[in-house]
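# Coordinate inspection notes
This is what each chain is made of:
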Amino acid sequence: MRLNLHVVIPAHHEQQSIEGVLVDLDRMVKTPIRVTIVCDAMDDPTFDVMRQVGPRVRYVMTGVGNAFGAGALNAIKTGLARTGPGEAAVVVMADGCDEIALLDAMMGKALDGFDVVCASRYMKGGRQIGGHPLKKVLARTASLSLNLMTGINTHDITNSYKLYSPRVLSEIEVQSIGGFEIGMELTLKAFRQGKTICELPTTWVDRTMGKSRFRIRKWLPHYARWYWFGLKSRPLRGEQPHE
């Protein structure tokens, strides 16, 4: 199987942290990539940093405005929609919390035939450093209980750091309406359809610069919707690629 990798970065005024992420993508990732940064508006100062970093990195980088309306979900949808034929896509946060060095291994799993590759904080070997205490408890509880009760092959359903195959992007209709729930939706729908899922341990580190825009009270009902969807999911029988 031959795949290219499209890195989607949703951002909103992440001028303090985006440079580190872009430089790490160049320095740590051997897989050929192209990068799309999506902001709500083209005057977002994140793009100023992107233009400064662009000449120093080897990959192709594009900055685009949010095509579906403001917000994190629509930024991710905009970026995924720009994924080309024969490309897998991975969502990377602009705040530096994701383990960039894991991308080569994630792409290796995609090349082995997995449709969704999840970076997992809650499997053996994974870690979560910092973060809002309530958010940590809710994310861990939801993820581990879904794994236990449904058998889905990830212990971290809520982490947005996931890689999706072209098959997932072309065959699954997105119905999410708020927050970062799209990662849960795509993974759980892939599971229900019998698509192949795997995970790799990751270390997630809370942001050290800028301000988190995660809204627990506002977005929790959206996550709960997909949690209940997951509890009712039954995968189709099929052969899984060997891990």
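Model, not experiment: these values are computed from the prediction. Along each chain, residue indices are assigned from 1 in the same order as the chain's sequence is written. The predicted nature of this model means local features are confined to residues of pLDDT at least 70 and side-chain atom pairs, given and counted, to a pLDDT of 80 or more, with totals for whole chains, interfaces and linings taken over all residues. Just so you know, side-chain values use all the structure's heavy atoms and leave hydrogens and water out.

The next subject is the sheet that holds strand β3 (residues 60–65). A pair of strands is treated as paired once DSSP finds two or more bridges between them. Numbering of helices and strands runs from the N terminus, with a helix taken as a DSSP run of H or I at least four residues long and a strand as a DSSP run of E at least two residues long. Strand order across the open sheet formed by 7 strands is β3-β2-β1-β4-β7-β5-β8, with mixed pairing between neighbours. Strand pairing shows two members of the sheet lacking a second neighbour, β3 and β8 (197–201), which therefore form its edges. Neighbour to neighbour, the strand axes of the sheet diverge by 20 degrees on average, direction disregarded. Looking at chain direction, strand β1 (residues 4–10) and strand β2 (residues 33–39) are connected through 6 bridges and run parallel. The residue bridging Leu 5 from the neighbouring strand is Ile 33, located in β2. Those strands touched by helix α2 (residues 46–53) are β2 and β3, and its axis lies near 165 degrees from that of β3. Here, axes are lines fitted to C-alpha atoms. For helices the fit covers the stretch in contact, and angles between N-to-C directions go from 0 to 180 degrees. Only heavy atoms enter the contact rule, under which two residues are in contact if any of them lie within 4.5 Å.

Here Asp 26 lies in helix α1 (residues 18–28). Along the primary structure Asp 26 and Leu 138 are separated by 112 residues, whereas in three dimensions their C-alpha atoms are 34 Å apart.

The share of residues in the chain with pLDDT of 70 or more is 90%, and the mean pLDDT across the chain is 91. The predictor attaches a confidence to each residue, called pLDDT, with possible values from 0 through 100. Taken together, the stretch residues 236–243 has pLDDT below 50 and engages in 18 contacts with residues farther than four places along the chain or on a different chain.

Attention now moves to the environment of Val 174. Inspection of the secondary structure assignment puts Val 174 in the loop between α6 (166–171) and α7 (182–192). The class of Val 174 is partly exposed, set by a relative accessible area of 29%. Val 174 sits 12 residues away from Leu 186 along the chain, and the two C-alpha atoms are 7.3 Å apart. Burial classes follow relative accessibility: with a 1.4 Å probe on protein chains only, a residue under 20% of its type's maximum area counts as buried, one over 50% as exposed, and anything between as partly exposed.

It is worth spelling out the packing of aromatic side chains at this point. Ring pairs shown here join Phe, Tyr and Trp side chains whose ring centres sit within 6.5 Å, with only the six-membered ring taken for Trp; geometry is labelled stacked below 30 degrees between planes, edge-to-face above 60, and tilted in between. Applying the stated rule across the entire model yields 2 aromatic pairs. Note on Trp 226 and Phe 229: the rings are 5.2 Å apart at their centroids and 75 degrees apart in plane angle, and the pair reads as edge-to-face. With Trp 226 and Phe 229 both in helix α8 (residues 216–231), this residue pair falls 3 residues apart, about one helical turn. Exposure class is identical for Trp 226 and Phe 229. Each is buried. Their ring planes at 80 degrees and their centres at 5.6 Å tell us that Tyr 227 and Trp 228 sit as a pair that is edge-to-face.

Once that is clear, we can look at the nonpolar core. The criterion is simple. A nonpolar core is a set of buried Ala, Val, Leu, Ile, Met, Phe, Trp, Tyr and Cys residues joined through side-chain atoms within 4.5 Å. Among the nonpolar cores identified, the biggest contains 38 residues, and Val 7, Ile 9, Leu 22, Leu 25, Val 35, Ile 37 and Met 106 are the most heavily contacted of them. Among the secondary structure elements, those contributing two or more residues to this core are β1, α1, β2, α2, β4 (87–91), α4 (103–111), β5 (116–120) and β8. If we ignore the near neighbours within four places in the chain, the residues touching Ile 37 are Ile 9, Ala 11, Ile 18, Leu 22, Thr 46, Phe 47, Met 50, Met 61, Thr 62, Gly 63 and Val 64.

The next thing to look at is unusual backbone geometry. Phi at His 13 is positive, roughly 50 degrees, even though this residue is not glycine. Note on placement: His 13 falls in the loop between β1 and α1.

It is worth spelling out the pairing of β1 at this point. Counting buried positions along β1 gives 6 out of 7 residues, so the element sits mostly inside the fold. Sheet topology note: the β1/β4 ladder contains 5 bridges and is parallel. When the sheet's bridge partners are listed, Leu 5 is paired in β4 with Ala 88.

On to the pattern of salt bridges, then. Here the idea is simple: oppositely charged side chains can pair when their charged atoms come close. By convention in these notes, a salt bridge is any Lys or Arg side-chain nitrogen within 4 Å of a carboxyl oxygen on Asp or Glu. Applying the stated rule across the entire model yields 9 salt bridges. Between Glu 19 and Arg 56 there is a salt bridge, with the nearest N and O atoms lying 3.1 Å from each other. Linking Glu 19 in helix α1 with Arg 56 in the loop between α2 and β3, this pair joins segments that are 37 residues apart in sequence. Classification of Glu 19 by relative accessible area gives partly exposed; the value is 34%. The partly exposed category is assigned to Arg 56, whose relative accessible area is 49%. For Glu 185, the salt bridge goes to Lys 189, with nearest N and O atoms at 2.7 Å. With a gap of 4 residues between them, Glu 185 and Lys 189 both fall in helix α7, about one helical turn apart. For the residue pair Glu 185 and Lys 189, the accessibility class agrees, reading buried in each case.

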